[in-house]
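# Structural features, examined
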Amino acid sequence: PSEYMRTAGIIAEYNPFHRGHEYQIQYTKEKLGADYVIIAMSGDYVQRGTPALLAKHARADMALRCGADLVLELPVSVCTASAEAFAMGGVSLLDGLGVVDLLCFGSESGEISALKELAEILVEEPEKYKTLLRNFLSQGLSFPVARSQALTEYFKNPRNFSGDDFDGVLTPLFNEVTRILNTPNNILGIEYCKALLRLGSSIRPVTVRREGMGYHDTLASNNLSDLRFDPASDTDPDSDFPSACAIRKLICGTDKNGGKYSDHTGYDILASQIPSDAFDIFKKVLSSGEFLTEDALNSILSYCLLQKNVSELASFLDVSENLAQRIVNQKNLLQGFLQSASVLKTKELTQTRIQRALLHIILGIHQVPDNVPYARVLGFRRESSSLLKEIKTNSCIPVITKLADAPSLLDCQAQELLKETTFASNLYGSLIAQKSGRKFIHEYEKQIVII
């Protein structure tokens, strides 16, 4: 890439896009000196195993209006996969463009050195760590908990770091591993660092501290005054940002008039959390009822589960033989998407993991690719044309702006991946059309967002 051009990548879901996301883009440009910001964004489904609240083109539009230069779509099997596969997919997509210098992501830690150190251990997997992990897994702990405890024990013993491998840098981690691995953005940040290491990528990871509302906190009118953001403030502007989860809960809790959002108090609260440049898009989508919640999948899930036997269920991504057997055994108790996930969860399998498994059954997803073999453009800014030129010159993966061109650009495996994603988006669009009463628009007929 041109020496004068500095490009950063952000891997995101924007479910939905809010002021914290806008701040991250601003931070990447103003503090990290990025000339351009590329977003590798989840499509119509997200990593928690549910439909995205808003369709991907609407979310891409919001991001572009708030400073992003280019938005690319992650394939559906990647954006609904485990944190490790999600991170690898996003990083491989950005790395394949050949122009990205930085990967910026939020984390509760805010310390990139700690996240990189943990990533190195997880990539190298020293024998003592692997033994500890096996021991904790044998006790029936879920993988995330077992990994956290294994790392904590590993870092407690300085003898695990001898010679050049131990210079004192890791000492602060001894008592912090559990805290770091107990928060979702830290975990994802470690996975990003792991992916960069495994790919041997030249992209440099940078993290911005994520503070403010917790992942499961909610928004209410009585705490609205605490959520104001003053751009001129010298304090950390991320400290009073809401969570995407809080916004989703507010919308789902007041979803009225046949699925059309009409709560005026709710709009006032949302207007304080969604950037002004993006709020008109957000309000239009909500008022027309063109958004989805997990309930939209209830009937489809029942249909899919009635069709499948144990061996067929076990062929889908994230569905183990044991889970498949549980689904068949509990079939009479499964009444809806979220309710089914709650019934099926165990000590070893979290509800989010079950939701991903159920979604993969619905969408017919059997595997996740090691790398993303193409870059599908959802939208871009006209003023960023030089970025697109650089990508065309340096990218080692094809860039798709028109789906009709895909057969001439992609090999058979990549075409199957795109076909899978197209089907999933058409299902999402069909559900939106049924809910809102508007005309269904096929994926091949949707226009790229250009602002």
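In this convention, every chain numbers its residues from 1, walking through the sequence in written order. Owing to the predicted nature of the model, reporting of local features is limited to residues with pLDDT of at least 70; listing and counting of side-chain atom pairs is limited to 80 or more, with chain, interface and lining totals taken over all residues. Where side-chain values are given, they derive from all heavy atoms of the structure, hydrogens and water being excluded.

Glancing now at the side chain of Glu 22. A run of H or I in DSSP counts as a helix once it spans at least four residues, and a run of E counts as a strand once it spans at least two, with each numbered from the N terminus. Mapped onto the fold, Glu 22 is located in helix α1 (residues 19-30). Burial here depends on accessible area, computed with a 1.4 Å probe over protein chains only, as a share of the maximum for the residue type. Under 20% is buried, over 50% is exposed, and the range in between is partly exposed. By the counting scheme adopted, Arg and Lys are positive, Glu and Asp are negative, and His together with the chain ends is not counted. By salt bridge we mean one thing: a side-chain nitrogen of Lys or Arg within 4 Å of a carboxyl oxygen of Asp or Glu. Buried charge without a salt bridge: Glu 22, with Arg 19 as the nearest opposite-charge side chain at an N-O distance of 6.8 Å. Here, two residues are considered to be in contact whenever any of their heavy atoms come within 4.5 Å of each other. Among all residues touching Glu 22, those that are not within four sequence positions of it are Phe 17, Cys 66 and Pro 275.

The pLDDT value tells you how sure the predictor is about a given residue, anywhere from 0 up to 100. Of the residues in the chain, 86% reach a pLDDT of 70 or more, and the chain-wide mean stands at 87. The low-confidence segment residues 163-171, where pLDDT is below 50, has nine contacts with residues more than four positions distant or belonging to other chains. Low pLDDT (under 50) marks residues 213-240, which in the prediction has 58 contacts with non-local residues, meaning those over four places away or in another chain.

Quick look at the nonpolar core now. Throughout this description, the term nonpolar core refers to a set of buried Ala, Val, Leu, Ile, Met, Phe, Trp, Tyr and Cys residues connected via side-chain atoms within 4.5 Å. Within the largest apolar cluster, 55 residues are counted, with the highest numbers of intra-cluster contacts made by Ile 38 and Leu 97. For this core, the leading source of residues is helix α4 (residues 83-96), giving seven residues. Core analysis: the second largest hydrophobic core is formed by 44 residues, Ile 39, Val 71, Leu 270 and Phe 279 among them.

Within the secondary structure layout, Ser 425 lies in helix α20 (residues 412-436). Sequence-distant contacts of Ser 425, defined by excluding residues within four places in its chain, comprise Asp 44, Tyr 45, Lys 56, Glu 73, Glu 443 and Lys 446.

On to the environment of Ala 375. If you trace the backbone, Ala 375 turns up in strand β10 (residues 375-380). Sequence separation of Ala 375 and Ile 397 is 22 residues, and the distance between their C-alpha atoms is 6.9 Å. Those residues in contact with Ala 375, other than ones at most four positions away along the chain, are Leu 72, Leu 93, Leu 97, Ile 397, Pro 398, Val 399 and Ile 400.

Listed as buried for helix α16 (residues 337-344) are Phe 337, Ser 340, Ala 341 and Leu 344. One face of α16 carries all of its buried residues, which in axial projection span an arc of 100°. Each element contacted by the buried residues of α16 is listed here: β4 (50-51), α13 (298-307), α15 (321-329) and α17 (351-363). As used here, the arc is the angular range of directions from the helix axis to the C-beta atoms.

What follows covers α15. When α15 is considered as a whole, its buried residues turn out to be Leu 323, Ala 324 and Ile 327. Around the axis of α15, the buried residues are gathered within 100° of arc, so they sit on the same side. Away from the buried face of α15 by more than 90 degrees, exposed residues Glu 321, Asn 322 and Asn 329 are located. Structurally, α15 contributes buried residues whose contacts are with α13, α14 (310-313), α16 and α17.

Interaxial angles span 0 to 180 degrees and are taken between N-to-C directions of axes, which are lines fitted to C-alpha atoms, for helices over the stretch in contact. Where helix α2 (residues 56-65) meets helix α12 (residues 276-287), the closest approach of the two axes is 8 Å, and the angle between their N-to-C directions is 165°. In terms of orientation, α2 and α12 fall into the roughly antiparallel class. You can see that α2 and α12 cross each other, and the crossing is right-handed. Within the contact between the two elements, α2 uses Ala 58, Asp 61, Met 62 and Arg 65 and α12 uses Asp 277, Ala 278, Ile 281, Phe 282 and Val 285. Residue polarity is assigned by list, with Asp, Glu, Lys and Arg as charged and Ala, Val, Leu, Ile, Met, Phe, Trp, Tyr, Cys and Pro as nonpolar; anything else, Gly included, falls into the polar class. Taken together, the residues that form the contact of α2 with α12 break down as six nonpolar, no polar and three charged. Here the word oblique covers every angle except those under 35 degrees (roughly parallel), over 145 (roughly antiparallel) and from 65 to 115 (roughly perpendicular). When the near helix sits turned anticlockwise from the far one by under a right angle, the crossing is termed left-handed; a clockwise turn instead gives a right-handed crossing.

Within strand β6 (residues 102-107), five of the six residues are buried, which leaves it mostly tucked inside the rest of the structure. A pair of strands is labelled paired if DSSP reports no fewer than 2 bridges between them. Taken together, the two bridges between strand β1 (residues 7-12) and β6 define a ladder with parallel strand orientation. Residue pairing for β6: Ala 8 is matched across the bridge by Leu 102. As judged from the six bridges shared by β6 and strand β7 (residues 204-209), these two strands associate in the parallel manner. By the bridge assignment for β7, Phe 105 is matched with Thr 207.

Pairing between side chains of opposite charge can happen when their charged atoms approach one another. Enumeration according to the criterion identifies 19 salt bridges in this entry. A salt bridge links Glu 73 to Lys 56; its shortest N-O distance comes to 2.8 Å. Of the two residues, Glu 73 sits in strand β5 (residues 70-74) while Lys 56 sits in helix α2, which places them 17 residues apart along the sequence. The same class applies to Glu 73 as to Lys 56, namely buried. Counted as one network, the salt bridges with shared partners bring together Asp 44, Lys 56, Glu 73, Arg 376, Glu 443 and Lys 446.

A word on the environment of Leu 305. Its place among the elements puts Leu 305 in helix α13. For Leu 305, a relative accessible area of 3% puts it in the buried group. Sequence separation of Leu 305 and Lys 331 is 26 residues, and the distance between their C-alpha atoms is 7.6 Å. For Leu 305, the residues in contact, after removing those within four places along its chain, are Leu 313, Ile 327, Lys 331, Leu 334 and Ile 361.

All right, on to the packing of helix α5 (residues 112-124) against helix α9 (residues 184-199) then. Remark: α5 packs on α9, axes separated minimally by 8 Å, with the N-to-C direction vectors making an angle of 60°. When the axes of α5 and α9 are compared, the pair comes out oblique. Where α5 crosses over α9, the handedness of that crossing is right-handed. Within the contact between the two elements, α5 uses Ile 112, Leu 115, Lys 116, Leu 118, Ala 119, Glu 120, Leu 122 and Val 123 and α9 uses Asn 186, Ile 190, Cys 193, Lys 194, Leu 197 and Arg 198. Split into classes, the residues belonging to the contact of α5 with α9 amount to nine nonpolar, one polar and four charged.

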